[in-house]
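# Secondary and tertiary structure notes
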Amino acid sequence: MKYDMLLLRFGEFMLKGKNRSRFEKTIITQVRALLKPYPGASLRKEFGRLYVDLGGHSHTELIAVLKRVFGVMSISPVKVTPSVLEDIVETAVAFMDERENEFKEGTTFKVNTRRVWKEYPHSSHEMNHMVGSPILRKFQQLRVDVRHPDIELRVEIRDQGTYIFNEVIPAVGGFPLGTNGKAMALLSGGIDSPVAAWASMRRGLEVECVHFYSYPFTSQRAKEKVIDLARALADHAGTIKLHLVPFTEIQTAFTQLGQDNLIITLMRRSMLRIATKLAERERALALITGDSLGQVASQTLPSMNVIGRATELPLLRPLVMMDKQEIITLSKQIGTYDISILPYEDCCTLFVPKSPTTNPNLRIVDKIEATMSHLPEWIDEAVARTETIVLHAGEAAPATSENTGNEIKEDWF
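Everything in this summary refers to the structure shown in the same document. Everything quoted here is computed from the prediction, not taken from an experiment.

### Some points on the packing of helix α3 (residues 85-98) against helix α4 (residues 124-138)
- Direction vectors running N to C along α3 and α4 enclose 45 degrees, while the axes themselves pass 10 Å from each other. When the axis of α3 is compared with that of α4, the two are oblique. Crossing hand, α3 versus α4: right-handed. The residues of α4 that touch α3, namely those facing L85, I88, V89, A92, V93, M96 and D97, are M127, M130, V131, P134, I135 and K138.
- Here the residues of the contact of α3 with α4 sort into eleven nonpolar, no polar and two charged.

### What about the packing of aromatic side chains?
- Per the stated rule, a full pass over the model turns up seven aromatic pairs.
- With centroids separated by 6.2 Å and ring planes inclined at 50 degrees, the aromatic side chains of W117 and Y120 adopt a geometry described as tilted.
- Take Y120: its relative accessible area is 3%, and that puts it in the buried class.
- Look at F212 and F247: their rings are 5.3 Å apart centre to centre, the planes differ by 70 degrees, and that puts the pair in the edge-to-face class. Here F247 lies in the loop between β12 (239-246) and α7 (248-255) and F212 lies in strand β11 (residues 206-213), a separation of 35 residues in the sequence.
- Assessed through its relative accessible area of 4%, F212 is described here as buried.
- The ring of Y213 has K223 lying over it, and the distance from NZ or CZ to the ring centre is 3.8 Å.

### Remarks on the pairing of β11
- Most of β11 sits inside the fold, with seven of its eight residues counted as buried.
- Across five bridges, the pairing between strand β10 (residues 182-186) and β11 is parallel. Looking at β11, one finds that A185 is bridged to C209.
- Of the pairings in the sheet, the one linking β11 to β12 comprises five bridges and is parallel in character. Following the sheet pairing, F212 is matched in β12 by V245.
- Taking the sense of rotation as the criterion, the β-α-β connection linking β11, helix α6 (residues 220-237) and β12 turns out right-handed.

### Thoughts on the sheet that holds strand β14 (residues 315-316)
- Here we have six strands laid out as an open sheet, ordered β14-β13-β10-β11-β12-β15, and mixed in their pairing. The open sheet terminates on both sides in strands that have one partner only, identified here as β14 and β15 (387-392).
- Inspection of the sheet shows strand β13 (residues 287-288) paired to β14 by two bridges, in the parallel sense. Across the sheet, L287 pairs through a bridge with L315, a residue of β14.
- Each of β10, β11, β12, β13, β14 and β15 touches helix α8 (residues 263-282); the most contacted strand, β10, lies at about 150 degrees to it.

### Notes on a nonpolar patch on the surface
- A grouping of L136, V144 and V146 is seen on the molecular surface, where their side chains present a nonpolar patch of about 250 Å² in accessible area.
- Position of V144 among the secondary structure elements: in strand β6 (residues 143-144).

### Here's the deal with the nonpolar core
- Membership of the largest hydrophobic core comes to 42 residues, with the highest contact counts inside it found for L6, L8, V31, M96, V131, I135 and L153.
- With six residues, the top contributor of residues to this core is α3.
- Other than its neighbours up to four places away in sequence, L6 contacts L50, Y51, V52, L54, H59, L62, I63, L66, I75, S76 and P77.
- V226, A234, A237 and I334 belong to the second largest nonpolar core, which has 36 residues in total.

### With respect to the side chain of T81
- Within the secondary structure, T81 is located in strand β4 (residues 72-81).
- Exposure remark for T81: the relative accessible area of 5% places this residue in the buried category.
- The contact partners of T81, leaving out residues within four places of it in the chain, are D87, I88, T91, G161, T162 and I164.

### Considering the environment of S124
- Position of S124 among the secondary structure elements: in helix α4.
- Overall, the relative accessible area of 23% leaves S124 in the partly exposed class.
- Taking C-alpha positions, S124 is 9.3 Å from E156, a pair spaced 32 residues apart along the chain.
- Among residues more than four places away in sequence, those in contact with S124 are T113, R114 and R115.
- From its side chain, S124 meets the backbone nitrogen of R115 in a polar contact 3.3 Å long.

### Details of the packing of α7 against helix α13 (residues 375-384)
- One way to put it is that α7 packs onto α13 with a least axis distance of 9 Å and a crossing angle of 150 degrees. Relative to α13, the element α7 is oriented roughly antiparallel. Each of E249, I250, A253 and F254 in α7 lies in contact with α13, whose residues at this interface are L375, W378, I379, E381 and A382.
- Residue composition of the contact of α7 with α13, grouped by class: seven nonpolar, no polar and two charged.

Parameters and conventions
- Residues numbered from 1 in each chain as written.
- Predicted model: local features only at pLDDT ≥ 70, side-chain atom pairs only at ≥ 80, totals over all residues.
- Heavy atoms only, no water.
- Axes fitted to C-alpha atoms, helices over the stretch in contact; angles between N-to-C directions.
- Helix = DSSP H or I, 4+ residues; strand = E, 2+ residues; numbered from the N terminus.
- Parallel < 35°, antiparallel > 145°, perpendicular 65-115°, else oblique.
- Left-handed = near helix turned anticlockwise from the far one by under 90°.
- Contact = heavy atoms within 4.5 Å.
- Nonpolar A, V, L, I, M, F, W, Y, C, P; charged D, E, K, R; others polar.
- Phe/Tyr/Trp six-rings, centres within 6.5 Å; stacked < 30°, edge-to-face > 60°.
- Buried < 20%, exposed > 50% of the residue type's maximum accessible area, 1.4 Å probe, protein only.
- Lys NZ or Arg CZ within 6 Å of the ring centre and 35° of its normal.
- Pairing = 2+ DSSP bridges.
- Right-handed = clockwise from strand over helix to strand, strands pointing away.
- Patch = residues over 30% accessible without salt bridge, like charges linked within 9 Å, V, L, I, M, F, W, Y side chains within 5 Å.
- Areas by Shrake-Rupley, 256 points an atom, 1.4 Å probe, with all protein chains shown as cover.
- Salt bridge = Lys/Arg side-chain N within 4 Å of Asp/Glu carboxyl O.
- Core = buried A, V, L, I, M, F, W, Y, C linked by side-chain atoms within 4.5 Å.
- Polar contact = N/O pair within 3.5 Å; in protein donor to acceptor, adjacent residues only side chain to side chain.

Shape descriptors only; they carry no functional weight alone.
See the structure below:
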């Protein structure tokens, strides 16, 4: 079926009163940016909705792009006809004719008319009958069910035209990107952290990512894998900053302490300290991790408590109450799963002890860190040597290093 336009409905931020206009402006800006590759497509706004005139473009292609816009709750492809009774009935019957192959004996439907243009001569109730009767005469396998129909044909009568549609395609929902501030997400090469970053963006956070690598213990392919994950997130956000932190010196220092059961705790506390400094530099107000309660030793409640004490920034854990299968399902939906399962190790999987502690003692951890007189210096050096690349949706290669001004080479190390 050839549609004329798309109807985009806003999500929960519509309840936000005075802030609503700010949220709407953010979505409009993002949608306009996404429509640039589609000459002829245009955008207009009405209360609580956006309309995209397709301008001859494929509705399925544009829906696939626009349903990723954070803050858009659902999308409907729409046929437009003049607000004249004969035209409305003819278009409605033709609309149902296009879907006849979906009908079987006993398929139920109803017409739901909304008369926005109050000067139109027929009431909504009258239009339900005027549109529904010829449909029933033509498609005798259909039955009327006004409560739970298989097909709900929606007719919106406006002065500039009547909109006819029946599909309501779920979109991502949430809050418009960046309307709730900025946060820094710790991005490993695993399944969980990209999902946590995406879930945070869905709640209106602008997200920058931090990745820790340990050359020569981690390979170039492992680093490229994380860049691909960040690029997949950029497909949802438009743009993602990725901060690449050298972590070898700090990580190897922990292996020489003789405290193997605490190495994960110590390592992650240092990661939070580095991420905190980067967040302060980038004016981010929180840190994001992919922790899921009880999933691994460092994600027990005692471990998360001790690790979290390393930063004074709010520590957001969007996945904390989700199980692994829920996280995997979401990672497949957002397009990160196939990248995450590539067999390239990141520094979080190195030097993992046979029996990491699940109940670290904060006093002991503080004491061990106090013996490492060079640790603050190493943390500052890691921040100073951090490379930053900017990834854009659909971009094949990383941008330039923001920290050095030099092009990021193929040999990352």
